[in-house]
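# Coordinate inspection notes
Spelled out, the chains give:
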Amino acid sequence: MTRTAFERQLAEIQQEMLALASMVEVAIERGIQALRERDVDLAHQIIADDAKVNQKRYEIEDTCLEIIATQQPLASDLRTIVAVLYIIVDLERMGDHAEGIAKIALMLADEPPLKPYIDIPRMAEVAGRMLMSSLEAFKERDADLARRICDQDDEVDALYDQVYRELLTYMANDPRTIERATHLTWVAHNLERIADRVTNICERVVYLVEGRIEELNVSKY
Amino acid sequence: MVKSDQQLTAPPFPLPVLSPTINSVESAQADGDLAIALRSLSAWYGSFQALRDVTMAVLRQRITAIIGPSGCGKSTLIRCLNRMNDLIPGFRLTGQVLFDGQDIYSKRVDPVDVRRRIGMVFQKPNPFPKSIYENAAFGPRINGYVGNLDEIVERALLLAALWDEVKDKDKLHKSALTLSGGQQQRLCIARALAVEPEVILMDEPCSALDPVATLKIEDLMRELAQNYTIVIVTHNMQQAARVADSTAVLMMNEDRAGELIEYGPTREVFTNPKEKRTEDYITGRFG
């Protein structure tokens, strides 16, 4: 016996979730680009695109609810839907963090750059990589990969520490940098939160595969 | 009380873990939590083997659901629990059905006594073509009860959540066949309860009922589980998921004999089954 319509709906929510993740990854990458290149148009574009991220999240949520109401999913099907429902919330919030970075890029666009950006783009790169790997773990139903990804959160935390200390030094040495440095700590904070939400996705992957909730990495922050 | 030559002795039964305190047959038995234990139960209709080597424990005052695809032996299994198959020509059985530690198939056991203590409700409501009152009074009457039948009838109908709908004198003495399907099924439950059984077996009790009547029976089952042990066979997996504390999954093996492939707390079976075959069945990919 097959359940063609049900299978199609299940595949659809997973495809859409992956599409949502791609939108968020692009937003993170562009946020850093807008910051680095002081690109006001790009920053505005990211802010406008966040509405699409939110909309997609609600569309996926709607489809999940419809499947629950009409198909009575059970076992791994049910776990898939529950995992998707949680993951899309994390993705949407990551999109908000990317939007936050874009807003800071706008604030800093008219100011002289405080310093060359090295660790912040590095944080964004690690967080983005973690995000895509977590979705790979989801697609492949690979709980071990999900667990390994969470170890990378420590790297992001360490970079965050480094950025924070460096910016404090700037502020202590020259109070005129306080505003810009504070804005940059917000950028770093947004990236730290993004990586932290990736660990939530990884926890959902473990739940999806093994049927139990396991706290994978308690972030320093 | 019937005497049995078979006593339950530390068997390796798979037992659903429903609470941290129920984790072995021995402790369940010691705590009085074990109602029925099946040990290596196999059953045949002539040369056809319907069940193979079913070993499981039914917990007291819990609802145990038996699910599985058509022809997997669910009904045979539940009917083994109160010797309802005895009357079928060519039926035979090996293994044991231990009730309170006694094998109900022991030669010293009277099947009538077994069926009094382990009552049954069937798929299609089957009230006798008598009044509502006489249906509820039937069991006690044929068992030679000489006390106040009115009290027994009222209690049974109350327990079956039918009393309020039939308590008027006129209604009570009307034919049971004037009741709706759902009411008739509750009357059948009342009839089973009137002889004060310890266990109630329900073989697809809602399959002939509409959704509202079905939910009423399910509510009633939850009520009754406070004092009775209930075993239900159902085709409706959602029903098992809604009402049962533990769920047993039967499936045919390659010889078409039913085997127990998974048994555990209902929540586990429906969210994270251990067996691939259970997963395929409950998600509708098989069966």
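What you see is a predicted model, and the numbers here were worked out from it, not measured in a lab. (Residues numbered from 1 in each chain as written. Chains lettered and ligands numbered in written order. Predicted model: local features only at pLDDT ≥ 70, side-chain atom pairs only at ≥ 80, totals over all residues. Heavy atoms only, no water.)

Another aspect to go through is the environment of K115 of chain A. Residues and elements named next belong to chain A. As for its placement among the helices and strands, K115 is situated in the loop between α3 (75-108) and α4 (119-140). Taking relative accessible area as the criterion, K115 reaches 14% and is therefore assigned buried. Note: C-alpha distance between K115 and I68 (47 residues apart in sequence) is 51 Å. With sequence-adjacent residues up to four places away left out, K115 is seen in contact with E166, L167 and Y170. (Helix = DSSP H or I, 4+ residues; strand = E, 2+ residues; numbered from the N terminus. Buried < 20%, exposed > 50% of the residue type's maximum accessible area, 1.4 Å probe, protein only. Contact = heavy atoms within 4.5 Å.)

Turning our eyes to something else, we now look at the interface of chain B and chain A. Of the residues lining the interface, 11 residues belong to chain B; the matching set on chain A comes to 14 residues. Buried area between chain B and chain A, both sides added, is near 1,100 Å², and the carbon and sulfur share of it is 45%. Its largest share of buried area at the contact with chain A, chain B owes to Q238, N272 and R285 of chain B, together 42% of the area lost on that side. On inspection of chain B and its partner chain A, the count reaches 2 salt bridges. Between R285 of chain B and D77 of chain A there is a salt bridge, and its shortest N-O distance comes to 2.3 Å. Scanning the region where chain B abuts chain A turns up 7 residue pairs in polar contact (both at pLDDT 80 or more). For the side of chain B that touches chain A, the elements supplying multiple residues, two or more each, are α11 (266-271) and α12 (276-282) of chain B. In the side of chain B that touches chain A, the residues fall into 4 nonpolar, 5 polar and 2 charged. (Buried area = accessible area lost by both parts, 1.4 Å probe. Salt bridge = Lys/Arg side-chain N within 4 Å of Asp/Glu carboxyl O. Polar contact = N/O pair within 3.5 Å; in protein donor to acceptor, adjacent residues only side chain to side chain. Nonpolar A, V, L, I, M, F, W, Y, C, P; charged D, E, K, R; others polar.)

Side chains that carry opposite charge are capable of pairing whenever their charged atoms lie near each other. Here the structure, examined in full by the defined rule, presents 36 salt bridges over all chains. Taking the shortest distance from any N to any O, the salt bridge between R197 of chain A and D90 of chain A comes out at 2.8 Å. Of the two residues, R197 of chain A sits in helix α7 (residues 178-210) while D90 of chain A sits in helix α3, which places them 107 residues apart along the sequence. Of the two residues, R197 of chain A and D90 of chain A, neither departs from the other in class, the shared state being buried. The residue R155 of chain B makes a salt bridge to E196 of chain B at a minimum N-O spacing of 3.7 Å. Highlighted residues: R155 of chain B in helix α5 (residues 149-159) and E196 of chain B in the loop between α8 (181-193) and β7 (199-203), separated in sequence by 41 residues. Looking at R155 of chain B, the relative accessible area reads 39%, which means it is partly exposed. Taken together, the shared-partner salt bridges connect D144, R147, E210, R212 and E214 of chain A into one network.

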